[in-house]
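Chain by chain, the residues:
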Amino acid sequence: MLDRLQAAFAGQREFLDDVAHELRTPITIARGHLELLGDDPEERAETVALVTDELDRMGRYVADLLVLAKQEAPDFFRLEPVDLGDLVTDALAKVRTLADRRWSVDEAPASGAVWLLADRERLNQALVNLVANAVEHTGAGDVVALGGRLVDGEVRLWVRDSGPGVDPAVRERIFDRFVRADASQAARPGGSGLGLAIVAAIARGHRGRVEVGEAPGGGALFTLVLPHTDDDDPTEEVA
Ligand SMILES: Nc1ncnc2c1ncn2[C@@H]1O[C@H](COP(=O)(O)OP(=O)(O)OP(=O)(O)O)[C@@H](O)[C@H]1O
Ligand SMILES: [Mg+2]
């Protein structure tokens, strides 16, 4: 019992250290630029843009942390019947403006054919996080594709890209909070390594899981695997 409590405290301590570290950097950057601020209007505009950027980043970070903190709460996930085909096509319509990529739908059931009991908004958030990563690791002309399918009583919902893929050695770790696998990316502002932790939390909230693998051709393939229950179809009369 004591061991478990100690482990929980140690885990929380580590978590807080990570949070403090992540927030300290943008604060230091913003403060440094404000301290050096002179009278030149052009320079002032640049500083305002930079500081605003850092504040935005902190805002996003705090919002992400809140999602992770709240996922344990019983009412965090609002389950309703969700149409799998519509979920995939709607998500693609939303994200395709994010970047210049070859966007496509690998496959999706016809509208009305497959339903699942899910939190539509959270599933969408998971897809957006996966797509944001796919965009991050690809360039113009690369493929980013979404798909959904019912297989053996499970709903599979995926995002695939034609980028370099995820090194098998780090595949287990990338779902942990604050883990960013690619060292050359460490300097990229904006990424805090929370995206996939949120995706995993959303999958767990649906009693499902998230898998990472290799797409045909070597890119990354992330799949949410969610349980499917036959009684999700709202078009079937419920007595
Ligand atoms: N599609 C992908 N292709 C290659 N590597 C990926 C892909 N998606 C994720 N990764 C690797 O997994 C790591 C963790 O991803 P995650 O989304 O959790 O964090 P992030 O994108 O670095 O930051 P954040 O999502 O918080 O902005 C990434 O840093 C990257 O190394
Ligand atoms: Mg990410």
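Residues numbered from 1 in each chain as written. Chains lettered and ligands numbered in written order. Predicted model: local features only at pLDDT ≥ 70, side-chain atom pairs only at ≥ 80, totals over all residues. Heavy atoms only, no water.

Regarding the site of ligand 1
Part 1 of the argument: Near ligand 1 lie 21 residues; those nearest to it are N133, D161, R180, L194 and L196.
Part 2 of the argument: Take L196: an N or O atom from its main chain is 2.9 Å from an oxygen atom of ligand 1.
Part 3 of the argument: Starting from 600 Å² of accessible surface for ligand 1 in isolation, the protein chains cover 93%.
Part 4 of the argument: Listing elements by their share of the shell around ligand 1, those giving two or more residues are α4 (120–136), α5 (195–205) and β7 (220–227). (Near = heavy atom within 4 Å. Polar contact = N/O pair within 3.5 Å; in protein donor to acceptor, adjacent residues only side chain to side chain. Areas by Shrake-Rupley, 256 points an atom, 1.4 Å probe, with all protein chains shown as cover. Helix = DSSP H or I, 4+ residues; strand = E, 2+ residues; numbered from the N terminus.)

Here's the deal with the pattern of salt bridges
Part 1 of the argument: Within this structure, the stated rule accounts for nine salt bridges.
Part 2 of the argument: The residue R31 makes a salt bridge to E35 at a minimum N-O spacing of 3.1 Å. On the criterion of helical spacing, the pair formed by R31 and E35 is a turn pair, its members being four residues apart in helix α1 (residues 2–35).
Part 3 of the argument: The class for E35 is exposed, based on a relative accessible area of 57%.
Part 4 of the argument: When the shortest N-O distance is used, the salt bridge between E54 and R57 registers 3.2 Å. (Salt bridge = Lys/Arg side-chain N within 4 Å of Asp/Glu carboxyl O. Buried < 20%, exposed > 50% of the residue type's maximum accessible area, 1.4 Å probe, protein only.)

Concerning the confidence of the model for the chain
Part 1 of the argument: Confidence in the prediction of the chain, expressed as mean pLDDT, is 87, and 90% of residues score 70 or more.
Part 2 of the argument: Mean pLDDT values for the elements of the chain range from 79 in α1 up to 98 in strand β5 (residues 154–161). (pLDDT = per-residue confidence, 0-100.)

Describing the sheet that holds strand β4 (residues 143–151)
Part 1 of the argument: The five strands are arranged β2-β4-β5-β7-β6 in an open sheet whose pairing can be described as mixed. Edge positions in the sheet fall to β2 (102–107) and β6 (209–214), since each of these pairs with one other strand and no more. Each strand axis lies, on average, 15° off the axis of its neighbour in the sheet, ignoring direction.
Part 2 of the argument: On top of the sheet, helix α3 (residues 84–95) reaches β2, β4 and β5; it is set at about 170° to β4, its chief contact. (Pairing = 2+ DSSP bridges. Axes fitted to C-alpha atoms, helices over the stretch in contact; angles between N-to-C directions. Contact = heavy atoms within 4.5 Å.)

Details of unusual backbone geometry
Part 1 of the argument: Its identity as a non-glycine residue notwithstanding, D152 has a phi of 45°, on the positive side.
Part 2 of the argument: Locating D152 in the fold gives a position in the loop between β4 and β5.
Part 3 of the argument: Positive phi outside glycine occurs at R207, with the angle close to 60°.
Part 4 of the argument: If you trace the backbone, R207 turns up in the loop between α5 and β6.
Part 5 of the argument: Residue classification places R207 among the exposed positions, given a relative accessible area of 67%.

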